[in-house]
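These are the residues of each chain, in order.
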Amino acid sequence: MDVMTISLAERAELQAAVRDLLTDECTEQDVRRVMAGDDGFDRELWAKLAAQGVTGLLVESEFGGVGLGAPELEAVAEETGAALLPAPFLASAVLAVAAIQAAGTPQDKQRLLPGLADGTAIGTVALTGRRGTWTPDGVDVAANADGTLSGSAHYVLGGQVADVILVAARTADGVGLFEVRADATGFTRTAATVFDPTVRLSVFTFADTPAQRLGTAGWAALQDALDLAVIALAGEQAGGARRIFDITVEYLKTRVQFGRQIGSFQALKHMAADLLLEVESATSAAQHAAARYAADRDNAGGAIALAGFTCAEAFHATAMAAIQMHGGIGFTWEHPAHLFLRRARTGVPLLGGPDRHRERYLESKGA
């Protein structure tokens, strides 16, 4: 895949543009409104993100995209995470696009990528079964000899709104990537009960469902797409951790008890200092993973795995502490801290989870 190189200043400008749009169009009130809707995302905002190039960020320019790489993806993801963007960003702009580019033929790319790039189509990839391992042995869909699929896939991001539906399925020679039409016979999608309504998940079931294989690539292509998704998720988690940390610090500066700002209390100072380390460590890990992928993707697995568990745990720890540091108001549903905690908890097991990422990190070190 050809990746366009841009300067650090240009990357910062891109990140600032996304930040400005989300500051205006993805406020806490907007997030709560979208959470209560059927689609789980704002189609008008999605179109504006597409106009900025976000939906086609990874798509090669010949197919209508921007053609940028992992560092730009991570930078944009920090902003989507800080805003708690409820949208199929990971599903469509990252997983689906990356899977097609890694596994698809030139004809597949020409047919599918332009719509994903301009946001008129929404894609997703069903990658794992009920166990949620996000590994080849966790794939529970089988490709039958007659070209149909049978089985089920779980934790499908954006599954209810996707019209470009890609499925990892076991074949005689390993795992392959298949496309299923949204109206295919034997295909059923069911919305899963979720802890965080800003991240919609689905269960896909297939009963002798007609499918078309994309290219001939195996799990390695899907792992490449999964790696980019982990980088994006890590960026979102770093951005979310930083945002709730900033909200908490501002509260410590303004809340007064016993005639003093509560941020002057020694115990809260120590907690804030610990959280700052969590936030900075998460940001560094996410950015390092993106840089390593851009420089040498074949040997970036360890850095990606490190970001996978570091960012997930840092976001969760920061969100939990933020609620405690806000006191009574932090325990009310009306306070945004709960939105960040829900997003943080949802992200912990997503795309592999800390245990799987640690295993992969140790494997990369030869342990």
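Residues numbered from 1 in each chain as written. Predicted model: local features only at pLDDT ≥ 70, side-chain atom pairs only at ≥ 80, totals over all residues. Heavy atoms only, no water.

- As recorded by an unreviewed UniProt entry, the protein chain carries the name Acyl-CoA dehydrogenase and is attributed to Mycolicibacterium mageritense.
- Note on the protein chain: under the UniProt heading Cofactor (unreviewed entry), the record states "FAD".
- Taken directly from UniProt, the Sequence similarities (unreviewed entry) text for the protein chain runs: "Belongs to the acyl-CoA dehydrogenase family." (UniProt positions renumbered as here; feature names shortened; annotations may be inferred.)

1. A short note on the overall build of the protein chain
At step 1: In terms of regular secondary structure, the protein chain is built from eleven helices and ten strands.
At step 2: Its C-alpha atoms give the protein chain a radius of gyration of 20 Å, near enough to 21 Å, the size a compact globule of 367 residues would have.
At step 3: Across its three principal directions, the C-alpha atoms of the protein chain cover 75 × 45 × 40 Å.
At step 4: Within the protein chain, the fraction of its 367 residues that count as buried is 55%.
At step 5: With an accessible surface of roughly 15400 Å², the protein chain has 53% of that area assigned to carbon and sulfur atoms.
At step 6: Charge centroids of the protein chain, computed over 30 positive and 44 negative side chains, lie 6 Å from each other. (Helix = DSSP H or I, 4+ residues; strand = E, 2+ residues; numbered from the N terminus. Rg over C-alpha atoms; globule rule 2.2 N^0.38 Å. Buried < 20%, exposed > 50% of the residue type's maximum accessible area, 1.4 Å probe, protein only. Areas by Shrake-Rupley, 256 points an atom, 1.4 Å probe, with all protein chains shown as cover. Lys, Arg positive; Asp, Glu negative; His and termini not counted. Charge placed at Lys NZ, Arg CZ, Asp CG, Glu CD.)

2. Comments concerning the pairing of strand E7 (residues 201–210)
Note on strand geometry: in a regular strand, side chains alternate between the two faces of the sheet.
At step 1: Of the strand pairs in this sheet, strand E3 (residues 148–157) and E7 are connected by eight bridges, and their pairing is antiparallel. Across the sheet, residue Thr148 finds its bridge partner in E7, namely Pro210.
At step 2: Where strand E6 (residues 187–191) and E7 come together, five bridges link them in antiparallel fashion. Counterpart to Arg189 in the pairing with E7 is Phe204. (Pairing = 2+ DSSP bridges.)

3. Brief notes about the packing of aromatic side chains
At step 1: By the definition in use, this model includes five aromatic pairs.
At step 2: Summarising the aromatic geometry, the rings of Phe41 and Trp46 are spaced 6.1 Å apart at their centres and angled 80 degrees between planes, so their arrangement reads as edge-to-face.
At step 3: A relative accessible area of 7% places Phe41 in the buried class.
At step 4: With relative accessibility at 3%, the residue Trp46 sits in the buried group.
At step 5: Between Phe187 and Phe206 the ring centres are 5.4 Å apart and the planes differ by 15 degrees, which places this aromatic pair in the stacked class. Taken together, the positions of Phe187 in strand E6 and Phe206 in strand E7 put the pair 19 residues apart, joining distant regions of the chain. The pair formed by Phe187 and Phe206 is uniform in burial state, with each residue classed as buried. (Phe/Tyr/Trp six-rings, centres within 6.5 Å; stacked < 30°, edge-to-face > 60°.)

4. So, unusual backbone geometry
At step 1: One non-glycine residue with positive phi stands out, namely Leu84, at about 55 degrees.
At step 2: For Leu84, the position within the fold is in the loop between helix H4 (70–82) and helix H5 (89–103).
At step 3: Leu84 sits in the buried class, given a relative accessible area of 5%.

5. Brief notes about the pattern of salt bridges
At step 1: Applying the stated criterion to the full structure yields 19 salt bridges.
At step 2: Between Arg343 and Glu236 there is a salt bridge, with its nearest N and O atoms 3.7 Å apart. One end of the pair, Arg343, is in helix H10 (residues 337–347); the other, Glu236, is in helix H7 (residues 219–254), and 107 residues separate them in sequence.
At step 3: Ionic contacts of the salt-bridge type, sharing partners, join the residues Asp30, Arg33 and Asp42 into one network. (Salt bridge = Lys/Arg side-chain N within 4 Å of Asp/Glu carboxyl O.)

6. So, H5
At step 1: Over its 15 residues, H5 runs 20 Å from end to end, which matches the ideal 21 Å to within 8%, given 1.5 Å per residue.
At step 2: Largest kink in H5: about 25 degrees, centred on Leu95. (Expected span 1.5 Å × (residues − 1). Bend = angle between axes of the 7 residues up to and from the residue.)

7. Structural notes on the side chain of Glu74
At step 1: Among the structural elements, Glu74 can be located in helix H4.
At step 2: Apart from residues lying up to four places away in sequence, Glu74 is in contact with Ile231, Gly235, Ala286, Gln287 and Ala290. (Contact = heavy atoms within 4.5 Å.)

8. A look at the nonpolar core
At step 1: Grouped together as the largest cluster of nonpolar side chains are 102 residues, with contacts concentrated most on Phe89, Val94, Leu127 and Leu166.
At step 2: At 18 residues, the largest contribution of residues to this core is made by H7.
At step 3: Leaving out residues up to four positions away in the same chain, Leu166 has contacts with Ala96, Ala99, Ile100, Thr124, Val125, Ala126, Leu177, Phe178, Glu179 and Leu214.
At step 4: With 15 residues, the next largest nonpolar core counts Ala126, Ile165, Val167 and Ala184 among its residues. (Core = buried A, V, L, I, M, F, W, Y, C linked by side-chain atoms within 4.5 Å.)

9. Things to note about the pairing of strand E1 (residues 123–126)
At step 1: Of the two faces of E1, the one holding Gly123 and Val125 and the one holding Thr124 and Ala126 are both buried throughout.
At step 2: Here E1 runs beside strand E4 (residues 164–171); their pairing, made up of four bridges, is parallel. If you follow Thr124 over to E4, its bridge partner there is Ile165.

10. Thoughts on helix H9 (residues 301–325)
At step 1: For H9, built from 25 residues, the straight-helix expectation of 36 Å at 1.5 Å per residue is met to within 8% by its first-to-last C-alpha distance of 36 Å.
At step 2: Summarising burial for H9: 19 of the 25 residues are buried, a large majority.

11. Regarding the side chain of Thr310
At step 1: Topologically, Thr310 is positioned in helix H9.
At step 2: A distance of 2.8 Å separates the side chain of Thr310 from the backbone oxygen of Leu306, its partner in a polar contact. (Polar contact = N/O pair within 3.5 Å; in protein donor to acceptor, adjacent residues only side chain to side chain.)

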